[in-house]
Amino acid sequence: MEKLLVRALRGERTERPPVWMMRQAGRHLPEYREIREEYSFLEAIKTPAVAEEITLQPWERYRPDGVVMFSDILTVLEPLGFDYRVESGVGPVVENPVDGPGDVPETYAPVAEDIDYVGALLDRLVESVGDEAAVLGFAGGPFTLASYIVAGGSSRHAEIRQFRARHPEAFDALLSVVTDVVADYLEYQVAHGADAVQLFDTYAAELSPADYREFLLPLHRRICASVDVPVLLFVRNMAGRLDALADADPDGVALDWTVDLAAARDELGATPVQGNLDPQYLFGDPDFVRERTAEVIEAAGPRGHVLNLGHGLHRDTPIEGVSAFVETAKEWVWD
């Protein structure tokens, strides 16, 4: 039998909702902070043994149904020829951003050679976890990655929209080459044992509805069609536009906390969903967390639902809140 999380993403009725959390490996755990005293962020993700230890920390503590590899969405920029670093208090910085059409790469280096440490990490996770949990991979989506590439780091996404207005052909070319490398990257993850993957095009809602359908929907569809395991598509702030995400034909749509889950079920039909507890709710006492989590589970129903947060864990999230969230799912029994 397939793993519980994969079965849910196949649209099956499950005996309870599978559960994992975006950003579950990392900053909220004291054992993670201890490791980071020895390794920088990039050193940690590029050292498979260290990345494996960090990935497994939340699994050993909470036993979620998904183990998501410890990595970063900007990793895939390396085959494209972009250098990046992560600065404390600043975030990611792309050192050689795209300033004009001449900076857009025409091709990229083989993923398996440039970022082979990701495959090595997944190999380790598959061996460590076995059949006890789904191994999850992920990648940034083309618009989100292009936003970083053009802005040179975190931005309000105005830069990439301005770039599109000034250089429409170069904008298309940039998104196209990023789409190609992301598709290859996800296929590479599957080849190394990922049971499912999530495409984080978090900032895509910055596009107007018409622009999303014209420029990005075909690229999302291309990526989803290229991968042989279930693909979750996550775009933040898409309430009222979920039909566009469904048209990309992912195996599941990951929802942020601004979406009414019951209404999303009606809008998306049989498409599986993931989410969508407000991550700030985990700061409440355990009874509050359990009550709110139960509401999400009830709204989603027993078929085709993966329980998750509506966004990633905050660095100060109490461990007691996370435990209550996961335990609510693991103790749930559908009639």
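Check the entry above for the structure.
All values derive from a computational prediction rather than experimental measurement. (Residues numbered from 1 in each chain as written. Predicted model: local features only at pLDDT ≥ 70, side-chain atom pairs only at ≥ 80, totals over all residues. Heavy atoms only, no water.)

(A) Quick look at the pattern of salt bridges. Per the stated rule, a full pass over the model turns up 18 salt bridges. Across the salt bridge formed by Glu31 and Arg61, the nearest N and O atoms sit 3.0 Å from each other. Note that Glu31 is positioned in helix α2 (residues 30-36) and Arg61 in helix α4 (residues 48-62), a separation of 30 residues in sequence. Of the residues examined, Glu31 reaches a relative accessible area of 23% and is grouped as partly exposed. Note that Arg292 is salt-bridged to Glu295, the shortest N-O span being 2.6 Å. One end of the pair, Arg292, and the other, Glu295, are both in helix α13 (residues 286-300), three residues apart, so they sit about a helical turn from each other. Using a relative accessible area of 18% as the deciding quantity, one classes Arg292 as buried. When salt bridges with common partners are traced through the structure, they connect Arg7, Glu12 and Glu15 into a single cluster. (Salt bridge = Lys/Arg side-chain N within 4 Å of Asp/Glu carboxyl O. Helix = DSSP H or I, 4+ residues; strand = E, 2+ residues; numbered from the N terminus. Buried < 20%, exposed > 50% of the residue type's maximum accessible area, 1.4 Å probe, protein only.)

(B) Summary view of unusual backbone geometry. For the bond from Gly275 to Asn276, the omega torsion is -5 degrees, close enough to zero to count as cis. Looking at the element boundaries, Asn276 is found in the loop between β8 (273-274) and α13. The phi dihedral of Asp249 is positive, around 60 degrees, even though this residue is not glycine. If you trace the backbone, Asp249 turns up in the loop between α11 (242-247) and β7 (252-254). You can call Asp249 exposed: its relative accessible area is 59%.

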